[in-house]
Every structure is written in structure tokens, then in C-alpha cells.
Amino acid sequence: DAKTTQPTSMDCAEGRAANLPCNHSTISGNEYVYWYRQIHSQGPQYIIHGLKNNETNEMASLIITEDRKSSTLILPHATLRDTAVYYCIVRVPISSGSARQLTFGSGTQLTVLP
Amino acid sequence: KAGVTQTPRYLIKTRGQQVTLSCSPISGHRSVSWYQQTPGQGLQFLFEYFSETQRNKGNFPGRFSGRQFSNSRSEMNVSTLELGDSALYLCASSPGTADTGELFFGEGSRLTVL
């Protein structure tokens, strides 16, 4: 799996958009970008994933650059409950018979300020 | 649909003892994987089970073992506990066949070894 680089921490004002960057310059053509978050003392929560097109769901938007070497997770209207560690993971999608291992880096601690 | 359930949520053991943790995956999910999370090492993959077979294993000593039952419920066991085994143990489930690799995590079992 390709390595990812994320800032250690970020702050965001409540109600504003939170933009979390991730660098994955060694990503290969068939690797997807996944985002998870972990609120303190809880299990990680899946947010979104994508290959090359921008993706949006009820939680967030994922913007992947055209060269796929970086991406940005956008929380459009951050709330206090979005305070968490956000993990960017790059890996080949699972196919039958493959292992289900995710490699979590250090992530970005996002703090949403009132 | 009920989420991933882990029991017990908290437990305290002493060095040399053994511990068994339980995980009930989301109904219909056949893959269960286990992760250890510590402040120093972050999230580390232990092993994954699919249809009662261990499909992949992380880099942990043989004191860490697991199994999966025919109803997909899984247990992990740590024998001869050491102080360094104090951690949050997370279980994650997924359908287990061709999919996009999203994992659904439980709340974890927090083990303290004294």
C-alpha cells in the first residue's frame, strides 16, 4: 500500500468547512483513497473513499487531484462532534480472497472550535 | 441494522493471566479482523478471519490468537499477558467478498494489564 502524509493537527471554526489534506505521491493506478476518523475512545468510522473522481456522501466530500498524488477531505459544515483523528489510507480495493488489512498512519487531529 | 458488538468493553488483568475478547460482526458479514491500538504504536493489524479460516496475520507473537465460529462471531485470546499488552482492541467486520474494502469497527475492548 502507498504511504500517506498528513498534517499532525488542524483547527477549524464550528460551522466552517474543514479541509483535511493528504499526500500520497506514490499511489499506483489501482489504489483507492479511503478516509476514516476516530473520535476519542471509539472505534474508527468509515467516511468515504474514491479512485479518481470526486466523491460526495452525507458525511463529506473527497477531492482527488488529477495526478492522484494528493487528496482533500472536506467536511462542509464542521460541528464540535467532528473533532476526531482523521486517517487517510491508500490501498488496492478488496477482492475475494484478499486480506482485509488496513494500514493506519498517524492521522490528523482535527479540533473544531466553538 | 445492529453494528459490531464487542465484549467486554473494559477489563483489568494481571501479568501472566490470559484474556478472551469477543466480537459479533454485522449480520451477514463474514469477515472479522482485529486491531490493537496503543498510544505509541497506533492502530496495528492483528489478524483477519473469513468463513472460520484465518486469512491474514499481522506481526504479533503467538500469544495472540483468534478464531471464528460458523455464525461469524469471533474471539481473540491473549495468553501470558504482559504490561505492553495494555491497549484498545478493536474488531472490524465487512462482507468479506468482493467489495470496496470498507471496514465497520466496534467500540473496542480496553484491556489494562497490571
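Details of the structure are given in the entry above.
Residues numbered from 1 in each chain as written. Chains lettered and ligands numbered in written order. Predicted model: local features only at pLDDT ≥ 70, side-chain atom pairs only at ≥ 80, totals over all residues. Heavy atoms only, no water.

## What about the overall build of chain B?
Rules: Numbered from the N terminus, helices here are DSSP runs of H or I no shorter than four residues, and strands are runs of E no shorter than two. Each radius of gyration reported is based on C-alpha atoms, and the globular scaling rule is 2.2 Å times the count of residues to the power 0.38. Using a 1.4 Å probe on the protein chains alone, a residue whose accessible area is under 20% of its type maximum counts as buried, one over 50% counts as exposed, and one in between counts as partly exposed. We call two residues contacting when some pair of their heavy atoms lies within 4.5 Å. The Shrake-Rupley method, run with a 1.4 Å probe sphere, supplies the accessible areas, and residue values consider only the shown protein chains as cover. Only four residue types enter the tally: Lys and Arg on the positive side, Asp and Glu on the negative side; His and the chain ends are excluded. Where a charge sits is defined by one atom per residue type, namely NZ (Lys), CZ (Arg), CG (Asp) or CD (Glu).
Each helix and strand in chain B was counted, giving zero helices and 11 strands. A globule of 114 residues ought to have a C-alpha radius of gyration of about 13 Å, and chain B, at 13 Å, matches this closely. Buried residues in chain B amount to 49% of all 114 residues. A separation threshold of at least 6 residues defines the contact pool for chain B, and within that pool the share at least 24 residues apart is 54%. About 5200 Å² of surface is accessible on chain B, with carbon and sulfur atoms providing 49% of the total. When the 11 basic and 8 acidic side-chain charges of chain B are each reduced to a single mean position, those positions are 5 Å apart.

## Thoughts on the environment of B:Trp34
As for its placement among the helices and strands, B:Trp34 is situated in strand S4 (residues 31-38). C-alpha separation for the pair B:Trp34 and B:Thr53, spaced 19 residues apart in sequence, amounts to 14 Å.

## Considerations on the state of the cysteines
The condition is simple: In this description, the term disulfide denotes a pair of cysteine sulfurs within 2.5 Å.
On inspection of all chains with the given rule, the structure shows two disulfides over all chains. Note on cysteine connectivity: A:Cys22 is disulfide-linked to A:Cys88, with sulfurs 2.1 Å apart. On the S-S bond that ties A:Cys22 to A:Cys88, the torsion sits near -80°, and the link is left-handed. With a gap of 66 residues between them, A:Cys22 in strand S2 (residues 18-23) and A:Cys88 in strand S8 (residues 84-91) connect regions that are remote in the sequence. Overall, the relative accessible area of 2% leaves A:Cys22 in the buried class. Through a disulfide, B:Cys23 is tied to B:Cys91; the S-S separation comes to 1.7 Å. A torsion of -55° about the S-S bond marks the disulfide between B:Cys23 and B:Cys91 as left-handed. A residue pair is termed long-range when its members are at least 10 positions apart, and B:Cys23 in strand S3 (residues 19-24) and B:Cys91 in strand S9 (residues 87-94) qualify at 68 residues. What makes B:Cys23 buried here is its relative accessible area of 0%. Look at B:Cys91 and you get buried, because its relative accessible area is 0%. Cysteine A:Cys12 remains unbridged, with the sulfur of A:Cys22 as its closest cysteine sulfur at 18 Å.

## A short note on the sheet that holds S3(B)
Strands belonging to one sheet form pairs held by backbone hydrogen bonds; the direction of such a pair is parallel or antiparallel. Residues and elements named next belong to chain B. What counts is decided by this rule: The criterion for strand pairing is that DSSP finds at least two bridges linking the strands in question. Only the stretch in contact is used when fitting a helix axis, every axis being a line fitted to C-alpha atoms; angles between N-to-C directions are given from 0 to 180 degrees.
If you trace the four strands from one edge of the open sheet to the other, you get S1-S3-S8-S7, paired in antiparallel fashion. Both outer strands of the open sheet, strand S1 (5-7) and strand S7 (64-68), are each paired with one neighbouring strand and no more. When the angles between neighbouring strand axes are averaged without regard to direction, this sheet yields 15°. Bridge analysis of S3 against strand S8 (residues 74-78) gives five bridges, and the strand direction is antiparallel. Within the sheet, the bridge partner assigned to Thr 20 lies in S8 and is Asn 77.

## Details of the pairing of S9(B)
Residues and elements named next belong to chain B. Of all eight residues in S9, eight are buried, a share of seventy percent or more. A two-sided burial pattern is seen for S9, the buried positions comprising Ala 87, Tyr 89, Cys 91 and Ser 93 on one face and Leu 88, Leu 90, Ala 92 and Ser 94 on the other. Sheet topology note: the S4/S9 ladder contains seven bridges and is antiparallel. Bridge assignment links Ser 31 to a residue of S9, and that residue is Ser 94. Bridging between S9 and strand S10 (residues 104-105) involves two bridges; their strand directions are antiparallel. In the strand pairing of S10, Ser 93 is matched with Phe 104.

## Some thoughts on the sheet that holds strand S9 (residues 108-113) of chain A
All names here are of chain A. If you walk across this open sheet you meet the five strands as S1-S9-S8-S3-S4, and the pairing is mixed. The open sheet has two edge strands with one neighbour each: strand S1 (9-13) and strand S4 (45-50). Across this sheet, the average inter-strand angle for adjacent strands is 25°, counted without regard to direction. Two strands pair when backbone bridges link them, and strand S3 (residues 32-38) and S4 are joined in this way by five bridges, in the antiparallel orientation. In the strand pairing of S4, Trp 35 is matched with Ile 48.

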